[in-house]
Amino acid sequence: MMIHILCRTLFMILACSLPVRAVDGLLQSLDLKGSITGEDHQSYVELPFEVPAGAERLTVSFSYSGREDRTTIDLGLVGPDGLVGWSGGNKASFTVAATDATPSYFAAPVKAGRWALLLGVPNIRGGVSSAYEARVDIYGAADAGLAFSVRDDSGAAGWYRGDLHSHSGHSDGSCASKAGKRVPCPVFRTFEAATAAGLDFFALSEHNTASHARALRDLGGYYDTLTLLPAREITTFYGHMNVFGTFAPLDFKLTNGGERIKALIDAAHKAGGLVSLNHPGLPSGEDCMGCGWVAKDTDFSKVDAIEVINGGTLRHTGGMVEHPRSGILFWEARLNEGHRMTAIGGSDNHDPDIAPGSPGAIAMPTTVVHAKGRDAAAILGGIRKGRVFVDASGMADSILDLALQVGGHTFVMGEVAPFTPSVTLSVTVKSASGGRIQIIENGTETKSASIDKNDLHTLSMDHVLGPDTTWVRANVRDAEGRLVLVGNPIYLAH
Ligand SMILES: [Zn+2]
Ligand SMILES: [Zn+2]
């Protein structure tokens, strides 16, 4: 057997001996090339490689020639502590990290030292030579270079619908077992409900653990119509916050009133995470321990999003969005202080059997994001930009978009327009007719228009902004006056 180790990055010797930190977390990319012959029939061969310090994920892709001659090469992985897994001939690629691994492999820390691909050769004919090529990508961050669900298309720019808050048996989610017992609910039940609700993206946000990353790895290939966002609900004594986009370790153990909250949020951002405060309007104390947001000295300029509608809260208010415990009041108070943060929503579902469309069922509420595409990075980028609305109506195809035209320029939700009193506001809406649009400036309704069509349409209106207005947004109420769609602001710079 001949083995060549080539490096894709930089020059061969340099890249093989020194870590090369690329922007996407790639430390090293190795090509292990060689060939086997009839002499290797029914033998095992190790292809060794060195993993540098600081590695957190390995991904391997493998191919070989000679199948027409019935050559078969099986594949496994050996780490410094022994066998990490064996996929035989059933997978051409796999990934391994401490948080998750492709089925066939253990989730295991990617320790520095000698690793090897383990090739098994059940068959190669005498006189035949088959070439193989393995690519080993070594990443310095477990979140880098991968996605949990892969669609063939990354999707066009447009509106994508999802649920950003839920729990399974990896934390306190439960459901009825086959025999009718209450059991920690398996993840697939939640994904089935999310798929049935027609969602495009989904966040399983377990309390202070990333153990569900393995389930995302196991199930993501099957649920490939659903973009699975890495997420956790960082759950402290002084409030809960979802961190999306990373499974990096985060120390949730705040004490002394939450005095380390700044460091925690900074650590989440350093890992590439998006931070959203959950159900911040709930009480704290013995009624609901740690539920409301009370962490002292929180720097709200560092907070990316606020959960303005929480499905768990809706279960206690009989589905009423407007309630003293709603996150909308908390969010608008922060906007009035000059902070800019995107309003989102999440069902906080703990039981996928809650009847679809009822408060706290999966997709109740739904967050609808205008994104560049449907992959996780695009969805999270869309939330950061703020062209987002929250739907508590249960409609599967609602739309609420706001544009502000001034001086020949158009600004959309999340953008900052220069303050000019006279503007044109355009509200594009798809909701049940009989309701009305509200224009809200700094928390106060300043204009209203009725909705007399069910289908998608745009209402344009000349409008004079209040002299102190720093943000303007739109709501939609249904025919009974209930708040059903919550839009994000366009900000005004004075
Ligand atoms: Zn919570
Ligand atoms: Zn929760």
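Residues numbered from 1 in each chain as written. Chains lettered and ligands numbered in written order. Predicted model: local features only at pLDDT ≥ 70, side-chain atom pairs only at ≥ 80, totals over all residues. Heavy atoms only, no water.

This brings us to the coordination of the zinc ion (ligand 2). Bound to the zinc ion (ligand 2) on the protein side are His165 (NE2), His167 (NE2), Glu233 (OE) and Asp348 (OD), at distances that span 2.0 to 2.3 Å. Between the four donor atoms coordinating the zinc ion (ligand 2), the angles at the centre fall across 81 to 172°, so the site counts as irregular. For the zinc ion (ligand 2), the donor residues sit on a single chain with the sequence spacing H-x1-H-x65-E-x114-D. Between the zinc ion (ligand 2) and the zinc ion (ligand 1), a separation of 3.5 Å is found, and both are coordinated by Glu233. Taken together, the residues span a long stretch of sequence, with His165 in the loop between β10 (158-163) and β11 (174-176) and Glu233 in strand β16 (residues 231-236) at a distance of 68 residues. (Donors = N, O, S within 2.8 Å, 3.2 Å for Na, K, Ca; no water. Tetrahedral: all angles 85-135°; square planar, octahedral: opposite > 155°, others 65-115°. Helix = DSSP H or I, 4+ residues; strand = E, 2+ residues; numbered from the N terminus.)

The relative placement of two packed helices is expressed as an angle between their axes plus a distance between the axes. In contact at an axis separation of 10 Å, helix α2 (residues 187-196) and helix α3 (residues 213-220) are set at 55° when each is read in the N-to-C sense. Taken as axis vectors, α2 and α3 run oblique relative to one another. Considering the relative orientation of α2 and α3, their crossing is right-handed. For the pair formed by α2 and α3, the contact residues are Val187, Phe188 and Phe191 on the first element and Ala215, Leu216 and Leu219 on the second. (Axes fitted to C-alpha atoms, helices over the stretch in contact; angles between N-to-C directions. Parallel < 35°, antiparallel > 145°, perpendicular 65-115°, else oblique. Left-handed = near helix turned anticlockwise from the far one by under 90°. Contact = heavy atoms within 4.5 Å.)

Within a beta sheet, neighbouring strands are joined by backbone hydrogen bonds and run either parallel or antiparallel to one another. Across the sheet, which stays open at both edges, the four strands sit in the order β24-β23-β26-β29 with antiparallel pairing between neighbours. Only two strands of the sheet have a single partner each, and these edge strands are β24 (409-412) and β29 (457-464). With direction set aside, neighbouring strand axes in the sheet form an average angle of 25°. Where strand β23 (residues 399-406) meets strand β26 (residues 422-430), seven bridges bridge the pair, whose relative direction is antiparallel. Each bridged residue has a counterpart across the sheet, and for Leu400 the counterpart in β26 is Val429. (Pairing = 2+ DSSP bridges.)

The next point concerns the domain arrangement of the protein. Splitting the protein by domain gives domain 1 (2-139), domain 2 (147-396) and domain 3 (398-494). A straight line from the C-alpha centre of domain 2 to that of domain 3 covers 26 Å. Contact residues are listed per partner, giving 27 residues for domain 2 and 26 residues for domain 3. Around 2100 Å² of area is buried between domain 2 and domain 3 when both sides are counted, 53% of it from carbon and sulfur atoms. Three residues stand out in domain 2 for area buried against domain 3, namely Arg340, Phe389 and Met395, and they jointly supply 25% of the buried area on that side. At the boundary of domain 2 and domain 3, one finds three salt bridges. Taken together, the elements giving at least two residues each to the side of domain 2 that touches domain 3 come down to β10, β19 (305-310), α6 (327-336), β20 (342-346) and β22 (388-391). Counting residues per element, the side of domain 2 that touches domain 3 draws most heavily on α6, which supplies five residues. (Domains from an automatic or database assignment. Buried area = accessible area lost by both parts, 1.4 Å probe. Salt bridge = Lys/Arg side-chain N within 4 Å of Asp/Glu carboxyl O.)

Let's shift gears to the pattern of salt bridges. Enumeration over the complete set of coordinates arrives at 21 salt bridges. The partner of Arg217 in a salt bridge is Asp100, and the shortest N-O contact between them spans 2.9 Å. One end of the pair, Arg217, is in helix α3; the other, Asp100, is in the loop between β7 (93-97) and β8 (113-123), and 117 residues separate them in sequence. The exposure classification of Arg217 matches that of Asp100, with both residues buried. Ionic pairing is found between Arg473 and Glu332, a salt bridge with its closest N-O pair at 2.8 Å. Pair noted here: Arg473 is in strand β30 (residues 471-477) and Glu332 is in helix α6, with a separation of 141 residues, a long-range link. Each member of the pair, Arg473 as well as Glu332, carries the same accessibility label: buried. Residues joined in a network through salt bridges with shared partners are Arg57, Asp100 and Arg217. (Buried < 20%, exposed > 50% of the residue type's maximum accessible area, 1.4 Å probe, protein only.)

It is worth spelling out the sheet that holds β8 at this point. The four strands lie next to each other as β3-β8-β5-β6, forming an open sheet whose pairing is antiparallel. In the strand order of this sheet, the two ends are held by β3 (43-51) and β6 (82-88), each with one partner. For this sheet, the mean angle separating the axes of adjacent strands, direction not counted, is 25°.

A cluster of nonpolar residues, Tyr44, Leu83 and Trp86, forms a patch on the protein surface that exposes about 360 Å² of accessible area. With a relative accessible area of 64%, Tyr44 lands in the exposed category. (Patch = residues over 30% accessible without salt bridge, like charges linked within 9 Å, V, L, I, M, F, W, Y side chains within 5 Å. Areas by Shrake-Rupley, 256 points an atom, 1.4 Å probe, with all protein chains shown as cover.)

Moving on, we come to the state of the cysteines. Joining two cysteines, a disulfide is a covalent bond between their sulfur atoms. What the rule picks out here adds up to two disulfides. Bridging Cys175 to Cys185, the disulfide has an S-S length of 2.1 Å. Between Cys175 and Cys185, the S-S dihedral sits near 95°, and the bridge is therefore right-handed. Taken together, the residues Cys175 in strand β11 and Cys185 in the loop between β12 (182-184) and α2 connect sequence positions ten residues apart. Across the disulfide, Cys288 is cross-linked to Cys291 (sulfur-sulfur distance 1.9 Å). Between Cys288 and Cys291, the S-S dihedral sits near -75°, and the bridge is therefore left-handed. (Disulfide = S-S within 2.5 Å.)

Position of Ser87 relative to the elements: it lies in strand β6. For Ser87, a relative accessible area of 1% corresponds to the buried category. Those residues in contact with Ser87, other than ones at most four positions away along the chain, are Leu75, Phe94, Ser104 and Tyr105. For Ser87, the side chain forms a polar contact with the side chain of Tyr105, separated by 2.7 Å. (Polar contact = N/O pair within 3.5 Å; in protein donor to acceptor, adjacent residues only side chain to side chain.)

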